[in-house]
Amino acid sequence: MNNNSGDDQVLLKSNDLKELRSSLRAIVDLRDRQYGFPAKTYESCFVGSEAVAQMVAKGLAADEDDAVRLGNVLLHAGIFHHVQRAHAFKNDYLFYRFASDEDHGRLPDGVADGSSVRWSDFLGILTSAKGGEGSLQPTLPEPDAELASMDQIDLETIGVSPLDEHNARLLDNVHPKKWLNPQPKPYNLVVIGAGAGGLVSAAGAAGVGARVALIEAHLLGGDCLNVGCVPSKALLRCAKAAAEVRDAGRFGVRIKGEISVDFAYVMERMRRLRAQISPVDSAQRYSGQLGVDLFIGKGIFTGKNSIEVGGKTLSFAKAVIATGGTAAIPNIPGLADSPYLTNNSIFNLTELPKRFGVIGAGPIGMELAQAFQRLGAQVTVLSRDGQILPKEEPEAAAIVKESMIRDGVAFAFNVTFKRIESVGEKGPVRVVLDEGGRERTFEFDALLIATGRKPAVTGLGLEQAGVEFDARLGVTVNERLQTTNADIYAVGDVAGKYQFTHMADFMARMVIKNALFFGRDKVSDLLIPWATYTDPEVAHVGLYEKDLTDRNIPFATFTREFSDVDRGIVDGIAAGYVKIHVAKGKDRILGATIVGSHAGDMISEITVAMQAGMGLGRLAGVIHPYPTAAEAIRQCGDAYNRGRLTPAVKSIFHNLMALRR
Ligand SMILES: Cc1cc2nc3c(=O)[nH]c(=O)nc-3n(C[C@H](O)[C@H](O)[C@H](O)COP(=O)(O)OP(=O)(O)OC[C@H]3O[C@@H](n4cnc5c(N)ncnc54)[C@H](O)[C@@H]3O)c2cc1C
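Computed from a prediction, not measured in an experiment: that's the story for all the values here.

Rules used throughout
- Residues numbered from 1 in each chain as written.
- Predicted model: local features only at pLDDT ≥ 70, side-chain atom pairs only at ≥ 80, totals over all residues.
- Heavy atoms only, no water.
- Helix = DSSP H or I, 4+ residues; strand = E, 2+ residues; numbered from the N terminus.
- Buried < 20%, exposed > 50% of the residue type's maximum accessible area, 1.4 Å probe, protein only.
- Contact = heavy atoms within 4.5 Å.
- Areas by Shrake-Rupley, 256 points an atom, 1.4 Å probe, with all protein chains shown as cover.
- Near = heavy atom within 4 Å.
- Polar contact = N/O pair within 3.5 Å; in protein donor to acceptor, adjacent residues only side chain to side chain.
- Salt bridge = Lys/Arg side-chain N within 4 Å of Asp/Glu carboxyl O.
- Core = buried A, V, L, I, M, F, W, Y, C linked by side-chain atoms within 4.5 Å.
- Pairing = 2+ DSSP bridges.
- Axes fitted to C-alpha atoms, helices over the stretch in contact; angles between N-to-C directions.
- Phe/Tyr/Trp six-rings, centres within 6.5 Å; stacked < 30°, edge-to-face > 60°.
- Patch = residues over 30% accessible without salt bridge, like charges linked within 9 Å, V, L, I, M, F, W, Y side chains within 5 Å.
- Arc of directions from axis to C-beta.
- Parallel < 35°, antiparallel > 145°, perpendicular 65-115°, else oblique.
- Left-handed = near helix turned anticlockwise from the far one by under 90°.
- Nonpolar A, V, L, I, M, F, W, Y, C, P; charged D, E, K, R; others polar.

Enquirer: How should the overall build of the protein chain be read in this particular structure?
Expert: When helices and strands are tallied, the protein chain shows 19 helices and 28 strands. Residues classed as buried in the protein chain amount to 49% of the 661 residues present. Put simply, of all contacts in the protein chain between residues at least 6 apart along the chain, 66% involve residues at least 24 apart. Carbon and sulfur atoms make up 52% of the accessible area of the protein chain, which amounts to about 30500 Å² in all.

Enquirer: Explanation requested: the site of the ligand in the structure shown.
Expert: Around the ligand, a shell composed of 39 residues is seen, among which G197, E216, K233, D493 and T501 lie nearest. Between D223 and the ligand, the recorded distance is 2.9 Å, taken from a backbone N or O atom to an oxygen atom. A distance of 3.4 Å separates an oxygen atom of the ligand from a polar side-chain atom of H502. If the ligand stood free it would expose 1000 Å²; the protein chains cover 93% of that surface.

Enquirer: Looking at this model, I keep getting lost on the pattern of salt bridges. Mind explaining?
Expert: If charged atoms from side chains of opposite charge come close, those side chains can pair. Counted under the stated rule, the structure contains 28 salt bridges. As a salt-bridge pair, K233 and E367 come within 2.7 Å of each other at their nearest N and O atoms. Separated by 134 residues along the polypeptide, K233 in helix α7 (residues 229-247) and E367 in helix α10 (residues 363-374) bring together distant segments of the chain. Looking at K233, the relative accessible area reads 30%, which means it is partly exposed. Owing to a relative accessible area of 7%, E367 belongs among the buried residues under this scheme. Here D487 ties to K318 by a salt bridge, and the two come within 3.1 Å at their closest N and O atoms.

Enquirer: What is the right way to read the nonpolar core from this model?
Expert: Proteins that are soluble and globular tend to have nonpolar side chains buried together. Grouped together as the largest cluster of nonpolar side chains are 67 residues, with contacts concentrated most on V212, L214, L220, F301, L314 and I321. In terms of residue count, helix α13 (residues 501-516) provides more of this core than any other element does, 7 residues in total. Setting aside chain neighbours within four positions, we find L220 in contact with V174, A194, L199, L214, L225, N226, D281, S282, A283, L294 and I296.

Enquirer: How do you make sense of the sheet that holds strand β24 (residues 530-532) when you look at a structure like this?
Expert: Within a beta sheet, neighbouring strands are joined by backbone hydrogen bonds and run either parallel or antiparallel to one another. Ordered by their spatial adjacency, 5 strands build an open sheet running β24-β25-β28-β27-β26, and the pairing between neighbours is antiparallel. Both edges of this open sheet fall to β24 and β26 (555-561), since each of them pairs with a single strand only. Each strand axis lies, on average, 10° off the axis of its neighbour in the sheet, ignoring direction. Summarising the sheet, β24 and strand β25 (residues 537-542) pair through 3 bridges and their orientation is antiparallel. Bridge assignment links W530 to a residue of β25, and that residue is H540.

Enquirer: How should I be thinking about unusual backbone geometry in this particular structure?
Expert: Most peptide bonds take the trans form, and the phi angle of most residues other than glycine is negative. Of the consecutive residues S161 and P162, the connecting peptide bond is found in the cis state with omega at -5°. Residue P536 is bonded to the preceding D535 through a cis peptide linkage, with omega at 0°. Position of P536 relative to the elements: it lies in the loop between β24 and β25. Even without being a glycine, S44 presents a positive backbone phi close to 45°. Topologically, S44 is positioned in strand β2 (residues 40-47). Exposure remark for S44: the relative accessible area of 25% places this residue in the partly exposed category. Even without being a glycine, N552 presents a positive backbone phi close to 55°. Given the relative accessible area of 69%, N552 is considered exposed.

Enquirer: Looking at this structure, how should I read the packing of aromatic side chains?
Expert: For any pair of aromatic rings, the description consists of the separation of the ring centres together with the inter-plane angle of the planes. On inspection of all chains with the given rule, the structure shows 21 aromatic pairs. Relative to F80, the ring of F46 lies with its centre 5.3 Å away and its plane at 80°, an arrangement referred to as edge-to-face. In this pair, F46 is assigned in strand β2 and F80 in strand β3 (residues 80-82), connecting sequence segments 34 residues apart. This pair shows no difference in class: F46 is buried, exactly as F80 is. Relative to Y96, the ring of F89 has its centre 5.0 Å away and its plane inclined at 55°; by these criteria the two rings are tilted.

Enquirer: Is there a simple way to explain a nonpolar patch on the surface in this structure?
Expert: Taken together, the side chains of V245, F251, V253, I255 and I259 define a hydrophobic patch exposed on the protein surface, amounting to about 390 Å² of accessible area. With respect to the helices and strands, V253 occurs in the loop between α7 and α8 (263-277). Owing to a relative accessible area of 43%, V253 belongs among the partly exposed residues under this scheme.

Enquirer: Help me out: how do you make sense of the sheet that holds strand β17 (residues 429-435) in this one?
Expert: Spatial strand order, β16-β17-β18: 3 strands in an open sheet with antiparallel pairing. Two strands lie at the open edges of the sheet, namely β16 (417-422) and β18 (438-444), each paired on one side alone. Along the sheet, successive strands turn relative to each other by an average axial angle of 20°, direction set aside. Where β17 meets β18, 7 bridges bridge the pair, whose relative direction is antiparallel. Each residue of the ladder has a partner; that of E435, found in β18, is R438.

Enquirer: I keep staring at the pairing of β16 and nothing clicks. Help me out?
Expert: Regular strands place side chains that alternate from one sheet face to the opposite one. Examined bridge by bridge, β16 and β17 share 5 bridges and lie antiparallel to one another. Following the sheet pairing, I420 is matched in β17 by V431.

Enquirer: Is there a simple way to think about helix α4 (residues 165-174) in this case?
Expert: Along an α-helix, residues three or four apart share an orientation, since each turn contains 3.6 residues. Looking at α4, one finds that the buried residues are H166, N167, L170, N173 and V174. In an axial view of α4, the angular spread of the buried residues amounts to 120°, which keeps them on one side of the axis. Opposite the buried face of α4, at more than 90 degrees from it, the exposed residues are E165 and D172. Against α6 (222-227), α8 and α9 (283-289) lie the buried residues of α4.

Enquirer: Please explain the pairing of strand β8 (residues 293-296) as it appears in this structure.
Expert: Alternating positions in β8 separate into two faces, D293 and F295 on one and L294 and I296 on the other, with burial throughout. Taken together, the 4 bridges between strand β7 (residues 212-216) and β8 define a ladder with parallel strand orientation. Along β8, the bridge assignment pairs L214 with L294.

Enquirer: How should the packing of α7 against α8 be read in this particular structure?
Expert: Between two packed helices, what matters for the description is the angle formed by their axes and the separation of those axes. Two numbers describe how α7 lies on α8: the axes approach to 9 Å, and their chain directions differ by 140°. Considered as vectors, α7 and α8 are oriented oblique to each other. As for the relative orientation of α7 and α8, their crossing is right-handed in sense. Counted together, V230, P231, A234, L235, R237 and C238 of α7 and V266, M267, R269, M270, R274 and I277 of α8 form the full contact between these two elements. Per-class residue counts for the contact of α7 with α8 are 9 nonpolar, no polar and 3 charged.

Right, dumping it as structure tokens:
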């Protein structure tokens, strides 16, 4: 089925519409109205804001937003329209007229067709911070050219272990053992992959009445729930507790005797919490409560509008590819024959490896390196780069590195790998570096490979579907997340550089609008904050200093060190800062970086301001509780406002004060 009319997505049946129309007509004040200068008369019309007030007063709508939504449903259905233009229905002094009150067969002047009012207009707006300087997304480096030739982990071969009560509960939720796939029907939307991107696509589309199929080859919840955000943050919490206890002497808290970390308990806690969260992503919830047809098995496209899973063929009007990515394995001689861990297997550990090697210094590697060090391992990070967290500004990365060195992590940068060899069957592992012709050897009880992510594009039948892709960059999409097959969209890690759960989530929301409701939302309009949850955390939104310089955007930077903020002083914070870039001569925030213990939470204040078009000067006027770390943001605003006083204004103030003495 390839139905582009969108008729089957109509939320209200025609009887509902008729009823709604009569109810509205009965309560609005229909008469000839005059507007403009010289005044023009518009016959038989009602006013948007008056109609909204009436709809709420008479109980037709729950509140004003609801009334506007209903109004747009009627407007889109052609029941009434704006008297002059193709205006959406608004809670405003705008004139609307029922179609039945005028000549039929003619659109009002200036209206070419109904397409300028879309269903997506009332689905909620994906807010954007796009303004004068264009997109506020920073330029992220292209994935390493070598990524294309790196191996990709085969998902289906990865097990979840140990099979204790927690993992059994997890699997019951995200990969039920005896799942019977439903009988396929023609679908409005088929989603391949049930990670963050796929789950949001499926739930969102089902929620607006579409018939949806969701296909998952491995575990519902994808990386984030099973082998990513959730388990890593659970470990980081325990690691932080251990670090705080070790650091307690600084605050006069004396610990008598040795402190020890019960690693088996830490991992069990992680498994328990992961299982506790898993019902939200469960097969039961999606098929039972949300009405999605869930197919467990590998989805492979067989044509432009068909996909096969477990021997069944599903036809679709639209599809979403949300297959994510997996750890990319570098081509280091001997690695393939040696035991190593990736994010897919590290959370299966039950014993702490004493000597823990990490190859790669990106966010995943750094979070886990710090966690394992704090949990009692001796961690060594080996990186081909010259700094950790290469996407972040060097100053921020240096603070995190110093903190990790204090924890006891050892680093070797700009290394050249010569070979990796296994000493025993399950380890230890020997990593040999080439240092200008001389060999340097490290021996580890476990080795984590965290050298980047590879999009899951192979074996999907993308060629049959006419979907172009690149082994390194993933599925090719346009601004509206549409692939080279106009009926197929792609979201999440498989189609973007911004590989975060919240990004996959918002890409999915955009696709529901664009694919099902003729939306025109663009991915470049999204403002995407992110955080790395090391201690201290590094969080960022908008443009980096480097982007501003490269794009010739004049800017001023306001920085506040936490060691100068009262809360930072009493908390004993030695390093970390808030840094905010503002357009020169305009009160407009262009980007910000925060390095601090709650940077991931704090960045939201700046993101909200940027999205709402609120400048740094106005942020200074927002009262922040004292003493909080967030005061650093307000104080950047104070500094901005002080800088706005021109010498002339300063001199006027000076003279005024002198007169009042
Ligand atoms: C260790 C780690 C920590 C992370 N921490 C964070 C964090 O703190 N915050 C954050 O925002 N992000 C974090 N991320 C990133 C985040 O996990 C990803 O950005 C997110 O999971 C992407 O979601 P997705 O839906 O695109 O893909 P995925 O979650 O990868 O899901 C894709 C799904 O598709 C399935 N699939 C693949 N091929 C097929 C097929 N042919 N048929 C059927 N199913 C298929 C897979 O089995 C998988 O379940 C972390 C990642 C890792 C590895």
